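Chain and residue survey
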Amino acid sequence: MNIRPTLLLVGAAALVASVSQPASAGDAFVRFGAIFHPRDIGFEGRWRVSFGSDYPVNLEETIFVGFEAQTSVYRQDVVGGGTATFVPLNGLVNVKVKASALDVRPYGGGGIGLLSQFSQIQSDFNWASDLGFQLLGGVELGRLGLELQLQRAFQSDAETSFAFFVGFVF
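Just so it is clear, the model here is predicted, and its values are computed rather than measured.

1. Here's the deal with the overall build of the protein
Within the protein one finds one helix and nine strands. When the elements of the protein are put in sequence order from the N terminus, they spell out α-β-β-β-β-β-β-β-β-β. Considering the protein as a whole, with its 170 residues, one finds that 40% of them fall into the buried category. Long-range contacts, defined as pairs at least 24 residues apart, comprise 50% of the intrachain contacts of the protein with a sequence gap of at least 6. By element, 67% of the accessible surface of the protein is carried by carbon and sulfur atoms, the whole surface being about 9,000 Å².

2. Some remarks on the pairing of strand 9 (residues 161-169)
Here eight bridges tie strand 1 (residues 27-36) to strand 9, and the two strands are oriented antiparallel to one another. When the sheet's bridge partners are listed, Arg31 is paired in strand 9 with Gly167. Here strand 8 (residues 144-153) pairs with strand 9 via eight bridges, running antiparallel. Looking across to strand 9, one finds that Gln149 is bridged to Ala163.

3. Thoughts on the confidence of the model for the protein
When the pLDDT values of the protein are averaged, the result is 83; 80% of them are 70 or greater. Note that pLDDT drops below 50 for residues 1-9; the model gives that stretch ten contacts with residues more than four away or on any other chain. Below a pLDDT of 50 lies the segment residues 15-24, which in the model reaches twelve contacts outside its immediate sequence neighbourhood of four places, other chains included.

4. Some points on a nonpolar patch on the surface
A grouping of Phe36, Val104, Leu141, Leu144, Leu148, Phe162, Phe164, Val166, Phe168 and Phe170 is seen on the molecular surface, where their side chains present a nonpolar patch of about 870 Å² in accessible area. Elements with a minimum of two residues in the nonpolar patch: strand 8 and strand 9. The greatest single-element share of the nonpolar patch, amounting to four residues, is contributed by strand 9. Tracing the backbone shows Val166 in strand 9.

5. Here's the deal with the packing of aromatic side chains
The full count for this structure, using the stated rule, is three aromatic pairs. Here the basic side chain of Arg31 rests over the ring of Phe29, its NZ or CZ set 4.0 Å away from the ring centre.

6. Side note on the environment of Ser123
Mapping Ser123 onto the fold places it in the loop between strand 6 (104-121) and strand 7 (124-141). When its relative accessible area of 64% is taken as the criterion, Ser123 is described as exposed. With 39 residues separating them along the chain, Ser123 and Ala84 place their C-alpha atoms 9.5 Å apart.

7. Concerning the pattern of salt bridges
Scanning all chains against the criterion turns up six salt bridges. Taking the shortest distance from any N to any O, the salt bridge between Arg31 and Glu147 comes out at 3.4 Å. Of this pair, Arg31 sits in strand 1 while Glu147 is found in strand 8, placing the two residues 116 residues apart along the sequence. Take Glu147: its relative accessible area is 0%, and that puts it in the buried class. Linking Lys96 and Glu147 is a salt bridge whose minimum nitrogen-to-oxygen distance equals 4.0 Å. With Lys96 in strand 5 (residues 83-98) and Glu147 in strand 8, this residue pair connects regions lying 51 residues apart in the sequence. Beyond isolated ion pairs, a larger network of salt bridges with shared partners links Asp27, Arg31, Asp54, Lys96, Lys98, Glu140 and Glu147.

The rules behind these values
Residues numbered from 1 in each chain as written. Predicted model: local features only at pLDDT ≥ 70, side-chain atom pairs only at ≥ 80, totals over all residues. Heavy atoms only, no water. Helix = DSSP H or I, 4+ residues; strand = E, 2+ residues; numbered from the N terminus. Buried < 20%, exposed > 50% of the residue type's maximum accessible area, 1.4 Å probe, protein only. Contact = heavy atoms within 4.5 Å. Areas by Shrake-Rupley, 256 points an atom, 1.4 Å probe, with all protein chains shown as cover. Pairing = 2+ DSSP bridges. pLDDT = per-residue confidence, 0-100. Patch = residues over 30% accessible without salt bridge, like charges linked within 9 Å, V, L, I, M, F, W, Y side chains within 5 Å. Salt bridge = Lys/Arg side-chain N within 4 Å of Asp/Glu carboxyl O. Phe/Tyr/Trp six-rings, centres within 6.5 Å; stacked < 30°, edge-to-face > 60°. Lys NZ or Arg CZ within 6 Å of the ring centre and 35° of its normal.

Right, here's the structure in full:
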């Protein structure tokens with residue numbers, strides 16, 4: 001796995017998250033996670049970075065609406081030689097219900113959005129995108145966040161993927 005694209009993505013995620021916070025009273029976040037799904041790929045294809053922001057919609061600040069962007073880059077050897085490169089690019093709108101402002105703040109929610117993937121196999125390029133959903137639950141421990149996600153496209157033959165994220169809330 002080439003570390004340069006990974007560092008570029010992490011840097012871009014941190015920049016967007018840090019710039020988005022001062023513009024509003026929302027909670028910006030950046031998370032790093034591992035993906036678990038039925039496909040047979042190596043560990044190098046199982047990581048993902050996620051960033052976005054949540055905005056309170058009630059005075060108690062227990063209901064939040066926000067956005068989330070997710071991406072990663074992974075490569076896989078293909079039969080007959082060569083390498084396939086995959087770049088998922090997901091954009092989702094989420095609703096979260098969080099416990100009252102405490103040091104330990106559990107939450108749950110869901111979202112809907114575009115689940116996209118750019119793929120290059122040899123010299124063949126493909127862009128696929130589908131409307132999909134995610135269900136999520138987690139806990140914020142001060143500024144540390146832990147989250148579990150279930151994600152699936154609406155099409156009937158789509159696979160369900162699960163992800164565990166660890167990150168920071170700003």
